[in-house]
Amino acid sequence: MSLPFVYHGQSDFWVKRSEHSLTLTLVTAREDHYDRVLIRHEPDNEEYLVAMSAIDNDEHCQYWQATIALNTDSPLTHYTFKLMRGLKQFWLSGQGVDRRIPARAFHFKYNAESQPPSWVKNQVFYQIFPDRFANGKAEISVKDGEYSLLGGKASVAKTWGAPVGNHLSSGACEFYGGDLYGVEQKLDYLQDLGVTALYLNPIFSAPSNHKYDTTDYFEVDSHLGGNQQFATLCADLHQRDMRVMLDAVFNHTSTDHPWFNRDGKQPSIGAYQAVDSPYRDYYFFDGDSDRYIGWKGIDSLPVLNFHNQDVRDIIYASDDAVIKHWLRAPYHIDGWRFDVIHMLGEGQGAKNNAHYVKAFRQSAKQVNPDCYILGEHFFEATQWLQGEQEDGSMNYFGFAHPLRALLANLDVSSDPIEIDMHEFCFWLDQARATIPWANQLAQLNQLDSHDTPRFFEMVKHDVTRFHIASALLFAYVGTPCLYYGTEVALAGGADPDNRRCMPWHEVEGNPHFTLFQRLIRLRKSHPALQQGDFQWLAQGEQGMAFARVCRSSEDRVIFAMNLASKPVTYNVPIWQIGTSARQFSRFAQPGVDHVIDGELELTLAPHSFEIWHAVD
């Protein structure tokens, strides 16, 4: 069934905010006539329909506009568009055009109070697992047998690049010597790649190499360089106009934390040691027994009890709380990534979770209103992304999962799955439509991370599919983040094999590095790729094309991909993206394509991608 061209972006061109209202703009094809064009909204949880007026037109387009009141009962205002022609109705929501009213979850949304920091959407993040990135000071590296983890597994010092063990052997207790000195020494490399912000996996004192088992939230692990080196690194980053985000592990601690002290390694009387310990209520015990709740049943990660006022004060509520401490001098970190934030609360079931996520946000924003609040969610995270909790999430559900299903035929559990391009595009639409536009731009998009197999491994080292996915990472809505080594196609299976050492000997002359460098340069040079509206241009069984459009800077970029074994051509009506440009320059296959009779012919070779940008 053919549907008409009806479009509403969510950038400032389409949505103009005043103190108490939103002025909204819609565009339709000039040749399509409607009896009425309306905005539906719910200022008091009841339907109101506001008529839109025709305000402007050109050869192809008719623009409509109307003003609605912002909701007063909630920071969030929902709206959708209703177009009528005889007995036919067309509705436009965040999911696109339909013949019936869409579910409220997919209506356009605007949060009048809580917006992500404006700087986030312009970044290219780079995730670093510190022990595996670069060894800058060998004398501080962990030594063989220096200490042991729960269960008596001793630390193992390994040679850089040696194979990674598994969780049944020495996985969590083997160390390669990466540290913050190494990170600082590689900043020139990262800037040459085009990186503008770092996301560091946990760096606070902890017995494991992954450090999701904290023993001191106020001390950077001495084997990584300690507090002074981190302060020096932060100063260097900020002097280079780069940002840094830390990993916050506040759902659980190590059993070696002084509060818990299971093995008696600390001088404190820990919660595990005595029922009358001052820290007993920091955790969840079964009465007076030694049975306690561990994260996902893992004994080495006892879960914190946020019903306890002392826990709340230390983590977020007091003036010198952990969250606030690292946002202040001499560190001035720019953001927090909250580990398993959806699980945190008052015991099993994450009781009062939303309350604590909001409290974390408020605590951080008190010190730095412009800091980035990022949540880790492996699945759909709509409820946390309406503005008042998180600025963005690690966008597994809305980017990494569908991309993996399409190109690697794997789901999040690494089970087989097959979807076609229509299903892929629908998945993307659904994920975007449930959250406000500003939060869409602040979603952290990754191909892979420390918790997933490497994407290059998932596509079985298929360079073509790896490059198509990489190009989409920098063209799609959201903020791109590279997991260290992705730029040289570092391989690796499931955790901990996905945490191999950075292969520095493979960097020079690496063709993947060159591609990522070019993609980053393209994104940074085009406002459309950083903040432009998203607009579908074509969809097929094995291919698609979309545009990113920034009208304020007259910037238009088109991305297309073809997974078929034969060439495909899309004839795109350029007037739909609001430009009179007569030619578009190509990225992958250098050259220029011309607009003929109002259409741009997009031709893609088998198994390929292309990116075009409008030129004068």
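As a reminder, the structure under discussion sits directly above these lines.
Sequence positions are assigned chain by chain, starting from 1 and proceeding in written order. pLDDT decides what is reported in this predicted model: residues at 70 or higher carry local features, side-chain atom pairs at 80 or more are listed and counted, and totals for whole chains, interfaces and linings draw on all residues regardless. Excluded from the side-chain calculations are hydrogens and water; all other atoms, namely the structure's heavy atoms, are used.

### Re the side chain of Ser-268
Structurally, Ser-268 can be placed in the loop between strand 18 (243–248) and helix 4 (309–317). Counting of polar contacts relies on pairs of N or O atoms within 3.5 Å, with two restrictions inside protein: one atom must be capable of donating a hydrogen and the other of accepting it, and residues adjacent in sequence are counted only when both atoms are side-chain atoms. Engagement of the side chain of Ser-268 in a polar contact is seen with the backbone oxygen of Pro-258, the distance being 2.6 Å. Setting aside chain neighbours within four positions, we find Ser-268 in contact with Pro-258, Asn-261, Gln-273 and Tyr-279. A run of DSSP states H or I qualifies as a helix once it reaches four residues; a run of E qualifies as a strand once it reaches two. Both are numbered from the N-terminal end. The contact criterion used is simple: two residues touch if any of their non-hydrogen atoms lie within 4.5 Å.

### A word on the sheet that holds strand 18
Two strands qualify as a pair provided that DSSP identifies no fewer than 2 bridges between them. Read from one edge of the open sheet, eight strands run 21-20-19-18-15-12-23-22, paired in parallel fashion. Pairing within the sheet leaves two strands with one partner each, and these edge strands are strand 21 (392–393) and strand 22 (444–445). Sheet analysis places strand 20 (residues 372–375) next to strand 21, joined by two bridges and oriented parallel. Bridge pairing links Leu-374 to Gly-392 in strand 21.

### Some remarks on the packing of aromatic side chains
The pairing test for Phe, Tyr and Trp rings, Trp by its six-membered ring, is centres within 6.5 Å, and the orientation test on the planes gives stacked under 30 degrees, edge-to-face over 60, and tilted for anything in between. Applying the stated criterion across every chain yields a total of 55 aromatic pairs. Between Phe-306 and Tyr-316 the ring centres are 6.4 Å apart and the planes differ by 20 degrees, which places this aromatic pair in the stacked class. Within this pair, whereas Phe-306 is found in the loop between strand 18 and helix 4, its partner Tyr-316 is found in helix 4, the two being separated by 10 residues in sequence. Three exposure classes are used, based on accessible area relative to the maximum for each residue type with a 1.4 Å probe and protein chains only: buried under 20%, partly exposed in between, and exposed over 50%. The exposure class of Phe-306 is buried, given its relative accessible area of 0%. Charge-over-ring contacts are defined here by two conditions on Lys NZ or Arg CZ: a distance within 6 Å of the ring centre and an angle within 35 degrees of the ring normal. For Arg-518, the ring lying beneath its charged end belongs to Phe-587, and the centroid distance is 4.0 Å.

### A short note on the layout of surface pockets
Rolled over the atoms, a probe with the dimensions of a water molecule shows which regions are left empty. Cavities and pockets are found on a 1 Å grid laid over the protein atoms alone: a cavity is a set of points where a 1.4 Å probe fits but cannot escape, a pocket is an open set with protein on both sides within 12 Å along at least five of seven lines, and a lining residue has an atom within 4 Å of such a point. Grid points are joined across faces, edges and corners, and a volume is the space filled by probe spheres set on the points. Each pocket or cavity is described by its volume, and for the largest pocket that value is around 1,200 Å³. Taken together, 44 residues line the largest pocket, and the ones lying closest to its centre are Trp-295, Ile-298, Leu-301, Asp-451 and Asp-495. Of the residues that constitute the lining of the largest pocket, the class distribution is 17 nonpolar, 15 polar and 12 charged. Roughly 1,000 Å³ of internal volume is contained in the second largest pocket. Gln-95, Gly-96, Val-97, Asp-429 and Trp-536 are, among the 38 residues lining the second largest pocket, the residues nearest its centre. Elements supplying a minimum of two residues to the lining of the second largest pocket: strand 1 (6–7), strand 9 (88–93), strand 10 (96–98), helix 8 (421–433), helix 9 (437–441) and strand 24 (533–539). Any residue that is not Ala, Val, Leu, Ile, Met, Phe, Trp, Tyr, Cys, Pro, Asp, Glu, Lys or Arg is counted as polar, Gly included; the first ten are nonpolar and the last four charged.

### Observations concerning the nonpolar core
Nine residue types can take part in a nonpolar core, namely buried Ala, Val, Leu, Ile, Met, Phe, Trp, Tyr and Cys, and a core is a set of them joined through side-chain atoms within 4.5 Å. Counting residues in each nonpolar core, the largest one holds 121 residues, and the members touching the most others are Tyr-126, Phe-230, Phe-250 and Trp-336. Reported domain spans reflect what an automatic or database domain assignment gives. Two domains each donate at least three residues to this core, and these are domain 2 (125–248 + 315–338 + 349–405 + 436–527) and domain 3 (532–615). Every residue in contact with Phe-230, bar those within four places of it in the chain, is listed here: Leu-180, Leu-200, Ile-203, Val-220, Leu-246, Trp-326, Tyr-331 and Ile-333. Counting 27 residues, the second largest nonpolar core, distinct from the first, contains Leu-26, Cys-61, Trp-64 and Tyr-79.

### Focus: the sheet that holds strand 28 (residues 583–586)
Sheet strands associate in pairs through backbone hydrogen bonding, adopting either a parallel or an antiparallel arrangement. Judged by pairing direction, the sheet is antiparallel, and its eight strands sit side by side in the order 24-25-26-31-28-29-30-27 without closing on themselves. At either margin of the open sheet sits one strand with a lone partner, and together these are strand 24 and strand 27 (568–573). With strand direction ignored, the average angle separating the axes of adjacent strands in the sheet is 25 degrees. Of the pairings in the sheet, the one linking strand 29 (residues 592–596) to strand 30 (residues 599–604) comprises two bridges and is antiparallel in character. Bridged to Ile-596 within strand 30 is Glu-599. Along the sheet face, helix 11 (residues 463–475) touches strand 25 (543–550), strand 26 (555–562) and strand 31 (608–615) and points at about 155 degrees away from the line of strand 26. Comment: axis = line fitted to C-alpha atoms, over the contacting stretch for helices; angle = value between 0 and 180 degrees taken between N-to-C directions.

### Points about unusual backbone geometry
Leave glycine aside and you will find that most residues have negative phi; peptide bonds, for their part, are mostly trans. Of note, the bond from Ala-329 into Pro-330 is cis; its omega dihedral lies within 30 degrees of zero at 5 degrees. If you trace the backbone, Pro-330 turns up in the loop between helix 5 (322–325) and strand 19 (335–338). The omega angle of the peptide bond from Asp-495 to Pro-496 is 10 degrees, so this bond is cis rather than trans. Mapping Pro-496 onto the fold places it in the loop between strand 23 (479–483) and helix 12 (511–525). At Asn-45, a position not held by glycine, the phi torsion is positive, near 70 degrees. As for its position among the elements, Asn-45 is in the loop between strand 4 (36–41) and strand 5 (48–51).

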